[in-house]
Amino acid sequence: MSRRSGILEFAVLGLLRESPMHGYELRKRLNTSLGIFRAFSYGTLYPCLKTLVANGWLIEEPGSSPAALPPTPGRAVAPASSLAGRRAKIVYRLTAEGREHFEELLSHTGPDSWEDEHFAARFAFFGQTEREVRMRVLEGRRSRLEERLEKMRASLARTRERLDDYTLELQRHGMESVEREVRWLNELIESERSGRDQRRSSPGSEAQQNTAGETDGLPRHRGDTPPDPSDDPSK
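Residues numbered from 1 in each chain as written. Predicted model: local features only at pLDDT ≥ 70, side-chain atom pairs only at ≥ 80, totals over all residues. Heavy atoms only, no water.

Draft legend 1. How the structure looks around the overall build of the chain. Across its full length, the chain carries eight helices and three strands. When the helices and strands of the chain are placed in sequence order, the string is α-β-α-α-β-α-β-α-α-α-α. By sequence separation, contacts in the chain at least 24 residues apart represent 72% of the contacts at least 6 residues apart. Counting only carbon and sulfur atoms, one obtains 51% of the accessible surface of the chain, whose full area is about 13,900 Å². (Helix = DSSP H or I, 4+ residues; strand = E, 2+ residues; numbered from the N terminus. Contact = heavy atoms within 4.5 Å. Areas by Shrake-Rupley, 256 points an atom, 1.4 Å probe, with all protein chains shown as cover.)

Shown next as structure tokens:
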């Protein structure tokens, strides 16, 4: 399985954990809610769905058949044979095994979860992720970007004299994009830590358990949006 198809499977399982959907609705959600998948087509999504069904993580269910529209002046009633020929949309539902598999994927905090596209998908489901896992993913992502930033600065120092003004500006823009995301991650990490410290110091906090869906650590009333990894022209 390629890294990109693995990310798609993760996102599909996460969306279907919220509610069953048919293929068109799934693709729409991937495009609108998870912008990293805006380039995906039906030709990519449906093989992924078939694989998840074959693995026992999804089941296919027939959706509601298209209802006949009531007759109105100027509109002919569709013949019954035409309506009967229309296929109901297939609805995809997460199985118990699929839910268990998705929760296992949510717990992963290795280097793959720090990469650009995988991190964006993971962050989209932080509301379903345990606090400690969120912290490890955020800190890993920050470490990866700090390494990238150091390499970019070293490269710019070596080649500055040989670059024309426009290429130099492009390099600076890439560095600024990475620096902006590092600042954003610092803020998120500090908010997660502050939320955890507040819970530990509050009365009766020992009785409170971390559960998936906690968002205490997310900064409130944020005016900015998560930086887009595609802004980095160094990749």
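Draft legend 2. Inspection of the sheet that holds strand 3 (residues 90-94) at higher detail. If you walk across this open sheet you meet the three strands as 1-3-2, and the pairing is antiparallel. Where the open sheet ends on each side, the last strands, each with one partner, are strand 1 (21-22) and strand 2 (58-62). (Pairing = 2+ DSSP bridges.)

Draft legend 3. Structural context of the nonpolar core. Grouped together as the largest cluster of nonpolar side chains are 24 residues, with contacts concentrated most on Val12, Leu16, Leu26, Leu30, Leu58 and Phe125. If you list the elements that add at least two residues to this core, you get helix 1 (3-18), helix 2 (23-32), helix 3 (42-54), strand 3 and helix 5 (96-106). The element best represented in this core is helix 1, accounting for eight residues. The contacts of Leu16, once residues within four sequence positions are left out, are Met21, Leu26, Leu58, Tyr92 and Leu94. Grouped together as the second largest cluster of nonpolar side chains are 19 residues, Leu138, Leu156, Leu185 and Leu188 included. (Core = buried A, V, L, I, M, F, W, Y, C linked by side-chain atoms within 4.5 Å. Buried < 20%, exposed > 50% of the residue type's maximum accessible area, 1.4 Å probe, protein only.)

Draft legend 4. Spotlight on the packing of helix 6 (residues 116-124) against helix 7 (residues 131-159). Interhelical geometry of helix 6 versus helix 7 gives an angle of 155 degrees and a closest axis separation of 11 Å. Put simply, helix 6 runs roughly antiparallel to helix 7. Note on packing geometry: the crossing formed by helix 6 with helix 7 is left-handed. Seen from helix 6, the contacting residues are Asp116, Phe119, Arg122 and Phe123; seen from helix 7, they are Val133, Val137, Leu138, Arg141 and Arg148. Looking at the contact of helix 6 with helix 7 residue by residue, the classes come out as five nonpolar, no polar and four charged. (Axes fitted to C-alpha atoms, helices over the stretch in contact; angles between N-to-C directions. Parallel < 35°, antiparallel > 145°, perpendicular 65-115°, else oblique. Left-handed = near helix turned anticlockwise from the far one by under 90°. Nonpolar A, V, L, I, M, F, W, Y, C, P; charged D, E, K, R; others polar.)

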